Amino acid sequence: MSTGDGTGQEGEYGRAAKRLKTEERATEAEEREEGEEELEEGEDSDTGSLPGNGESAAADNRARWSASQRGGGGGGGGGRKDNGEDSHRISPSPVVHVRGLCEAVVEADLIDALEKFGPICYVMMMPFKRQALVEFSAAESADRCVSCGAKEPVYIAGQQAYFNYSTSKRITRPTNADNPNSGNKVLLLSIQNPLYPITTDVLYTVCNPIGSVLRIVIFKRNGIQAMVEFESIQCAQKAKAALNGADIYAGCCTLKIEYARPTRLNVIKNDNESWDYTKPYLVRRDRGKGRQRQAILGEHPSSYSDNSYGPPCPLLPLPGNSRYKLNSVDIPDMVSYPLPQSSSSYSGHAPSSVAMVSGLHPSKMNCTRIFNLFCLYGNIEKVKFMKSVPGTALVEMGDEYAVDRAITHLNSIKVFGKRLNVCVSKQHAVIPSQVFELEDGSSSYKDFAMTRNNRFSSAGQASKNIIQPPSAVLHYYNVPPCVSQDHLLKLCTEHDVPGFVKYKMFDAKPSSKTISGLLEFDSKTDAIEVLTVLNHYQIRIPNGSNPYTLKLCFSTSSHL
């Protein structure tokens, strides 16, 4: 498949991913690290400092920032000017940094609330941080917005928001740089925290009620992204406004949307990862022996009133203004997304929560290290190495969706010089039979069902995990404050894994009993090996009663 302008889709994906990372770095100057929640000595920080909140703005700085806004309520913005914080005295800019947004806010809510200050050119959502950047056509409009927010409460989707000038003068976007109001009928969707499979049917069900969808292409190389081509630029604009920042499913599969570079998509087959709705004769093609994901919504939906896919899950109330939805009496004011069904996720297999992993290093991989790597994508119940097939193990996970996430992000990665092959197993459970001793002396079978290190044991805990593909930057947390950069480097040396090349420790609250930060490595492979070996390492401190459990995960940052 290739885009209409002759550029390969994988190349477009690479540019899109790079562009997203560049824009995230552009906002880095405006964000500081949020401190850890208070913990008893040695207690695991299961609820704090995960990628979704640990790498967002500092809580104490945010509190001071918000207080300064409130303090200006009676003094014409004096609170903002007299708070003594030079870091907040940012020069005026047409781009406004918005904080304090509620979880359910979408781009349309910001437009409805802020367009009274002046025409808005572009909005970039940062849903996990509950923040956004809003670019006005004129600096005067941005000034009215910031000044008004300092004098009186401004509510967005029913919740008070806080405003300051952005350090950026313009939001970077791929479309016509000379025309800030330009758009494109092809949207680039980045699906963040994809706990459930994303297929063309899912995206069609989500997007088509807003504007007529012509083609969809999904990429799954470094995370999950998709390009959706609409019938017109107007349809794409409506979809971007209504869906940017929304969750496909409650608490996960969050959409971050921007305009794509190509103006047309070229689809050569209709399946779960690409579909041309103008050419229904492009039937699904057999993928041979490889796995094939079945759409969680069943076959291509014939209508939106059909309830055969299970009970609807209303997540996204569309604004009453008709500009955000099709002019049709058949389209409801609420977009309903069917819940994931417990049907087969793969053709030829009944639903299975067991993954088969082959290509494991015979002397460096064991049950614990498999757990350390796979626990980032779902709960691990049991791990068993197969005696009849050397270098192969069965991993029983919490559900088939966890297996799908592990396959999506871990298949074909290199660990200790060997490339992993991760696929769904025909087995439905791991049975502790034929237990033997591995080369490192550990058992070939281990039960992890009761371990506290599982990160998806409750809905609240699972929602704090950001599903992230392997990267060269690791996020570390739950580390005692006495542990320094040198201590961490020494830890890498002692366990014969690559050392990091850059180190960053986040600012923590004075009362915090743990610290967190980022470690950058020379390569993604180095980071994977360090995480596999040191994740959940027990750090003991002098005179400490309980050890601290070092926790690692892949960071959303591309570099430090």
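### A few points about the overall build of the protein chain
1) Next: Across its full length, the protein chain carries 13 helices and 28 strands.
2) Next: Burial status across the protein chain gives 54% buried among its 560 residues.
3) Next: For the protein chain, contacts bridging at least 24 residues in sequence account for 72% of all contacts bridging at least 6.
4) Next: Surface exposure of the protein chain reaches about 23,200 Å², of which carbon and sulfur atoms provide 48%.

### Re the packing of helix α5 (residues 107-114) against helix α8 (residues 233-243)
1) Next: Close contact between α5 and α8 brings their axes to 4 Å; oriented N to C, the two are set at 95°. One finds that α5 runs roughly perpendicular with respect to α8. Residues E107, A108 and I111 of α5 form the contact with α8, whose own contacting residues are K240, A241 and A242.
2) Next: The residue inventory of the contact of α5 with α8, partitioned by class, reads four nonpolar, no polar and two charged.

### So, the environment of T408
1) Next: Its place among the elements puts T408 in helix α10 (residues 400-410).
2) Next: Along the chain, T408 and K220 lie 188 residues apart, while their C-alpha atoms are 7.1 Å from each other.
3) Next: In terms of polar contacts, T408 uses its side chain to reach the backbone carbonyl oxygen of D404, at 2.9 Å.

### Quick word on the nonpolar core
1) Next: Core analysis: the biggest nonpolar cluster contains 99 residues, and L373 and F374 have the highest contact counts within it.
2) Next: It is helix α13 (residues 524-534) that provides the largest number of residues to this core, a total of six residues.
3) Next: Formed by 29 residues, the second largest nonpolar core is a distinct cluster that contains V98, V106, A113 and I120.

### Side note on the pattern of salt bridges
1) Next: On inspection of all chains with the given rule, the structure shows five salt bridges.
2) Next: One salt bridge connects E229 with K185, and the closest N-O pair in it is separated by 3.6 Å. Here E229 is found in strand β9 (residues 224-230), whereas its partner K185 is found in the loop between β6 (159-165) and β7 (186-192), with 44 residues between them in sequence.
3) Next: What makes E229 buried here is its relative accessible area of 1%.
4) Next: Overall, K185 belongs to the partly exposed group, its relative accessible area being 25%.
5) Next: Notably, a salt bridge pairs R215 with E229, separated by 2.9 Å at the nearest N-O pair. One end of the pair, R215, is in strand β8 (residues 213-219); the other, E229, is in strand β9, with 14 residues separating them in the sequence.
6) Next: A cluster of three or more residues bridged by salt bridges with shared partners is formed by K185, R215, E229 and D276.

### A few points about α5
A turn of α-helix holds 3.6 residues, and therefore any two residues three or four places apart point the same way.
1) Next: Among the eight residues in α5, seven count as buried, and that is most of the element.
2) Next: Residues of α5 that are buried include every one of E107, A108, D109, L110, I111, A113 and L114, and no others.

### Remarks on α10
1) Next: Counting buried positions over the eleven residues of α10 gives eleven, a clear majority of the element.
2) Next: Taken together, the buried positions of α10 are E400, Y401, A402, V403, D404, R405, A406, I407, T408, H409 and L410.
3) Next: Looking at the packing, one finds that the buried side of α10 touches β9, β16 (354-358), α9 (367-374), β18 (392-397) and β21 (421-424).
4) Next: Where α10 begins, the side chain of D399 points an oxygen toward the backbone nitrogen of Y401, at a separation of 3.0 Å.
5) Next: Where α10 terminates, the next one or two residues include S412, which has phi positive at roughly 75°.

### Focus on the sheet that holds strand β4 (residues 131-136)
1) Next: Spatially, the five strands line up as an open sheet ordered β3-β4-β2-β6-β5, and their pairing is antiparallel. Taken across any chain shown, the strands that pair with only one partner, and hence form the sheet edges, are β3 (120-126) and β5 (154-156). On average, each strand axis in the sheet is inclined to that of its neighbour by 35°, with strand direction left out of account.
2) Next: As paired strands, β3 and β4 are joined by six bridges and run antiparallel to one another. By the bridge assignment, M125 is partnered in β4 with A132.
3) Next: Seen against the sheet, α5 touches β2 (95-99), β3, β4, β5 and β6 and runs at an angle of roughly 135° to β3.

### Quick notes on the confidence of the model for the protein chain
1) Next: With 70% of its residues at a pLDDT of 70 or more, the protein chain shows a mean pLDDT of 76.
2) Next: Every residue in residues 1-87 is under pLDDT 50, and counting partners more than four places away or in other chains gives 214 contacts.
3) Next: In this model, residues 285-349 is a region of pLDDT below 50 whose contacts with residues beyond four sequence positions or in other chains number 153 contacts.

### Re unusual backbone geometry
1) Next: If you check the backbone angles, R130 has positive phi at about 55° while not being a glycine.
2) Next: Among the secondary structure elements, R130 is positioned in the loop between β3 and β4.
3) Next: The exposure class assigned to R130 is partly exposed, which follows from its relative accessible area of 37%.
4) Next: Positive phi, normally seen in glycine, also occurs at S412, with a value near 75°.
5) Next: Assignment of secondary structure puts S412 in the loop between α10 and β19 (414-415).
6) Next: Exposure remark for S412: the relative accessible area of 37% places this residue in the partly exposed category.

### A word on the packing of aromatic side chains
1) Next: Throughout the structure, instances matching the rule amount to nine aromatic pairs.
2) Next: Their ring planes at 25° and their centres at 5.8 Å tell us that W275 and Y277 sit as a pair that is stacked. Accessibility classification places W275 together with Y277 in one group, the buried group.
3) Next: Both rings, one in Y476 and one in Y503, keep their centres 6.1 Å apart while their planes meet at 15°; by these two values the pair is stacked. With Y476 in strand β23 (residues 473-479) and Y503 in strand β24 (residues 502-505), this residue pair connects regions lying 27 residues apart in the sequence.
4) Next: Given the relative accessible area of 1%, Y476 is considered buried.
5) Next: The exposure class assigned to Y503 is partly exposed, which follows from its relative accessible area of 23%.
6) Next: Among the aromatic side chains, those forming a connected cluster through ring pairs are Y476, F500, Y503 and F521.

Analysis parameters
- Residues numbered from 1 in each chain as written.
- Predicted model: local features only at pLDDT ≥ 70, side-chain atom pairs only at ≥ 80, totals over all residues.
- Heavy atoms only, no water.
- Helix = DSSP H or I, 4+ residues; strand = E, 2+ residues; numbered from the N terminus.
- Buried < 20%, exposed > 50% of the residue type's maximum accessible area, 1.4 Å probe, protein only.
- Contact = heavy atoms within 4.5 Å.
- Areas by Shrake-Rupley, 256 points an atom, 1.4 Å probe, with all protein chains shown as cover.
- Axes fitted to C-alpha atoms, helices over the stretch in contact; angles between N-to-C directions.
- Parallel < 35°, antiparallel > 145°, perpendicular 65-115°, else oblique.
- Nonpolar A, V, L, I, M, F, W, Y, C, P; charged D, E, K, R; others polar.
- Polar contact = N/O pair within 3.5 Å; in protein donor to acceptor, adjacent residues only side chain to side chain.
- Core = buried A, V, L, I, M, F, W, Y, C linked by side-chain atoms within 4.5 Å.
- Salt bridge = Lys/Arg side-chain N within 4 Å of Asp/Glu carboxyl O.
- Pairing = 2+ DSSP bridges.
- pLDDT = per-residue confidence, 0-100.
- Phe/Tyr/Trp six-rings, centres within 6.5 Å; stacked < 30°, edge-to-face > 60°.

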